[in-house]
Each structure stands twice: as C-alpha cells, then as structure tokens.
Amino acid sequence: MLAVVLSLAAAAAFAASAMFIDSVSGRVGPVQLSRWQMSLAFLMTAAIVAVTGGWRTLDLPIVLWLSASSASGIMVGSLTYIATIQYTGPRISALLFTTASPFALALGFGFRGETVSLTQAAGVGLIVTGIALAVMGPRQDEGARTPKPLWIGISLGLLTSFAQALGSLLARPAMLAGADPVAAMGVRSGTGALFFIALLALPALRPVALPSRREVRQIGLSALAGMVVGMSFLMSALARGDVGIVTTLSSTTPILILPMVWAVYRRLPGPLAWVGAALAVAGTALIARPG
C-alpha cells in the first residue's frame, strides 16, 4: 500500500512540475530546458543530502546502478521523447508513453521474476486505457505540423517508453540495497546534468540565448516538484513495490493534471478525459486492493 501511495504522489508531483514548466516550454529549447532542470535538481538534492547525510547510504555498486538508470531513463529517454514530440506531436507522444507500463511489467518479470495477480493486471489495463483516453482529442498546441514519417515517431516513442521502464528496473537494485531516495535522485540528476552539459560541445545544440530570471525561476520550481520531490517519491516506491506496478501508477500524471488545469486555467476537461480519469481510479483501486 505504501508503494501505491508513493507512486501516486510521484505522479502528482510530476503533474505539478508540468504546470510550472508550461509557461516556459515554448520559449526555452527542450535540450536547454533539460539541462537547466537536471542541473538545478542536482544542486537542490545535493544540498538536501549534505544536511541529512544521505550520501553515506551510497557505495560504488549503488552508484553504478543509479548511473545506468540515469543513462537509460534520463539521457536516452529524454532525447528520444523530445524527438518523438517533433515527429508526432504531444498528443500521440503521450499515447505512446503509456506503453511504458507493459514494458516495465515485462522487464520486471523477465529480470526480477516479479509477477502480478489477475486483479492487479486488470487494474494496470484500466489505468493504461484511462491514460490513453485522457490524452485523446484535439490539442490547440499541435496546430499545423510539417509532415514527417509517422513510423519514425512511433519507433522513437516506443524506445522512449522502453528506456523509461529500463531506467526504473535499473534503479530498483540500488533502492533495495538501502539507498537514500534523495541521494539516489542526486546521482541520477547529476549524471543527467553532466550529459546535457556535455552536449554543449555540439554547435547545433548550443542555446541561442540564456533563459530570463523568471524562466529560470519557473524551471527551478519545475525541477523541485518533478525531479527532487517526484523522483524521490518514485525511488522510494521502487524500494517497496514491483517495477511494473510502480511505473503504471507513477504514469498517471495525465489524469492527475486534469484538476490542476481546471483550477489554474479554468479549462474544463472533455468527456473522454473524465471517463479516462474514472477508469484510472478504478484501476488504482484494483491494484491497491488487499490480497
């Protein structure tokens, strides 16, 4: 039950992070945005862990597991997700991202022998269906797009989901070994920050201009909510629950963001979104059901 609560808390934090970043995502390039997010997240987590002493829970094998998790989930996953949006748009990208759940279930079963009951499997199915419904429908931000091969976008989207699921799988041994969740996120964000800073060596990926103070503040709040709080909750959940279940529940961000959008922007979600939310709630109830 604690893994369920932590996974849903992570999804809520990711939703809050998306709300903070929404106002700057169109003005700051995606690679530059990832660089700032990772760098600020590392500084915040490092400061927290310096006070709490969480670094003492890390040893070389744990750091290696977490670095591999960052390489898959953050480095590969972030870049392929950016490319997926460019090829397919945000709506189809979000739909493709729902495949992270079956990937995580398959990886958890294949490499760790994790299994789910029929009731939990039904819950996973309801949640994935609910997420898909929640992100369906027209989006004002997609507009007219330059035609690009859809199969490339779909392939990149599936690779993104697989990379995210693999990143969670690789983090699980470190969390089972007793790594402090915030320290674990410090290693992952620090590794990711070094990667995105290294990309500055490529002229095509260098920013034209630095973000403004307001944009840095919004990016910082997004990093605090998503990378520091959300990912720390996710790391804690991985120490207590199966990879597939945790990945499924923490992917309910499109559902949990609906009331936030309603409250902040006064935009009432459509009927499909409400149906999707209801299915996701029912699926969560099945997963959390005792026994």
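Notes on the structure in this doc start here. Fair warning: this is a prediction, and the values are worked out from it, not measured in the lab. (Residues numbered from 1 in each chain as written. Predicted model: local features only at pLDDT ≥ 70, side-chain atom pairs only at ≥ 80, totals over all residues. Heavy atoms only, no water.)

**Some thoughts on the packing of helix H5 (residues 100-112) against helix H10 (residues 243-250)**
Turning to step 1, where the next piece is worked out: Where H5 contacts H10, the two axes come as close as 7 Å, and the packing angle between them is 165 degrees. Compared by their axis directions, H5 and H10 come out roughly antiparallel. As H5 packs across H10, the resulting crossing turns out to be right-handed. Contacts from Ala100, Ser101, Ala104 and Leu105 in H5 reach Val243, Gly244, Ile245, Thr247 and Thr248 in H10.
Turning to step 2, where the next piece is worked out: Taken together, the residues of the contact of H5 with H10 sort by class into 5 nonpolar, 4 polar and no charged. (Axes fitted to C-alpha atoms, helices over the stretch in contact; angles between N-to-C directions. Helix = DSSP H or I, 4+ residues; strand = E, 2+ residues; numbered from the N terminus. Parallel < 35°, antiparallel > 145°, perpendicular 65-115°, else oblique. Left-handed = near helix turned anticlockwise from the far one by under 90°. Contact = heavy atoms within 4.5 Å. Nonpolar A, V, L, I, M, F, W, Y, C, P; charged D, E, K, R; others polar.)

**Concerning helix H6 (residues 118-134)**
Turning to step 1, where the next piece is worked out: With 17 residues, H6 should reach 24 Å at 1.5 Å per residue; the first-to-last C-alpha distance of 24 Å fits that figure.
Turning to step 2, where the next piece is worked out: Among all positions in H6, only Gly123, Val124, Ile127, Gly130, Ile131, Ala132, Leu133 and Ala134 are buried. (Expected span 1.5 Å × (residues − 1). Buried < 20%, exposed > 50% of the residue type's maximum accessible area, 1.4 Å probe, protein only.)

**Focus on the packing of aromatic side chains**
Here the distance between the centres and the angle between the planes together describe a pair of aromatic rings.
Turning to step 1, where the next piece is worked out: One pass over the full model with this rule turns up 4 aromatic pairs.
Turning to step 2, where the next piece is worked out: Here Phe103 and Phe162 contribute two aromatic rings whose centre-to-centre distance is 5.6 Å and whose plane-to-plane angle is 85 degrees, an arrangement assigned as edge-to-face. Here Phe162 lies in helix H7 (residues 150-176) and Phe103 lies in helix H5, a separation of 59 residues in the sequence.
Turning to step 3, where the next piece is worked out: Accessibility expressed as a relative area gives 27% for Phe103, which makes it partly exposed.
Turning to step 4, where the next piece is worked out: On the basis of relative accessibility, which here comes to 33%, the residue Phe162 falls in the partly exposed class. (Phe/Tyr/Trp six-rings, centres within 6.5 Å; stacked < 30°, edge-to-face > 60°.)

From the geometry alone we can't say anything about function, so treat these as descriptive.
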